[in-house]
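# Examination of the molecular architecture
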Amino acid sequence: MINKSKLWFLTLSCIILVLAVYYVAIPGPATTSVFSTNKNEEYKEADVKITESEALTAMRINKDEEDAATIQTLQEILLDSNKSLQEKNDAYEQIKFLNSNKSLEEKLEKSVNDNFKINSFISINDKNLKVVIANKEKSVTVANDIISFINATTDASYYVTVKFE
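Residues numbered from 1 in each chain as written. Predicted model: local features only at pLDDT ≥ 70, side-chain atom pairs only at ≥ 80, totals over all residues. Heavy atoms only, no water.

## Let's talk about the overall build of the protein chain
Across its full length, the protein chain carries 5 helices and 3 strands. The linear arrangement of helices and strands in the protein chain, starting from the amino end, is α-α-α-α-β-β-α-β. Looking at the protein chain as a whole, 21% of its 165 residues qualify as buried. Excluding contacts between residues fewer than 6 apart, the proportion of contacts in the protein chain whose partners are at least 24 apart in sequence is 57%. Accessible surface computed for the protein chain: about 12800 Å², of which carbon and sulfur atoms make up 58%. (Helix = DSSP H or I, 4+ residues; strand = E, 2+ residues; numbered from the N terminus. Buried < 20%, exposed > 50% of the residue type's maximum accessible area, 1.4 Å probe, protein only. Contact = heavy atoms within 4.5 Å. Areas by Shrake-Rupley, 256 points an atom, 1.4 Å probe, with all protein chains shown as cover.)

In structure tokens form, the structure reads like this:
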């Protein structure tokens, strides 16, 4: 049964719909300026300046995407019923290794940022540990201090390189 409130709601909804279609369908100065492109407009090219923190963020995102893709392929191996038990165990161990490396990277990065008061990005590949520092001034003493700090923290189990960006 249709009562008065439902009838009013239906009427107002129809009116709103008709007005919306009317304003979209009728060409006018407001709609043409939004939907048309003027080819005579000149666009000024903006200077793009990349700061050190943006470069480090780009490196972090790139590393995270690589790790996510690797973990995805390893998870597919784990879920594949045609794979042997040894292959599944190897994939599981690699996932654990990637996760432990990621946590070590984050821990070391936080320690370097806190102790040396500089922005850094740390990446671990096998036994290589790469430190990228957001500083244009290259300082051998800072690099040596960071290398010795990381070697002390990780018991010198990685080959550490420091790069200034």
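## Digging into the sheet that holds strand E2 (residues 128–133)
If you trace the 3 strands from one edge of the open sheet to the other, you get E1-E2-E3, paired in mixed fashion. Each end of this open sheet is capped by a strand with a single partner; those strands are strand E1 (120–125) and strand E3 (159–164). Across the sheet, the mean angle separating the axes of adjacent strands is 20° when strand polarity is ignored. Here E2 runs beside E3; their pairing, made up of 6 bridges, is parallel. Its bridge partner being in E3, Val 132 is matched across the sheet by Lys 163. (Pairing = 2+ DSSP bridges. Axes fitted to C-alpha atoms, helices over the stretch in contact; angles between N-to-C directions.)

## With respect to a nonpolar patch on the surface
Together, Trp 8, Leu 12, Ile 15, Leu 19, Tyr 22, Tyr 23 and Ile 26 make up an exposed nonpolar region whose accessible area comes to about 780 Å². Here Tyr 23 shows up in helix H1 (residues 4–25). (Patch = residues over 30% accessible without salt bridge, like charges linked within 9 Å, V, L, I, M, F, W, Y side chains within 5 Å. Salt bridge = Lys/Arg side-chain N within 4 Å of Asp/Glu carboxyl O.)

## With respect to the environment of Lys 88
Relative to the elements of secondary structure, Lys 88 occurs in helix H4 (residues 85–116). For the pair Lys 88 and Ile 77, spaced 11 residues apart in sequence, the C-alpha separation works out to 6.3 Å. Other than its neighbours up to four places away in sequence, Lys 88 contacts Ile 77, Leu 78, Asp 80, Ser 81 and Lys 83.

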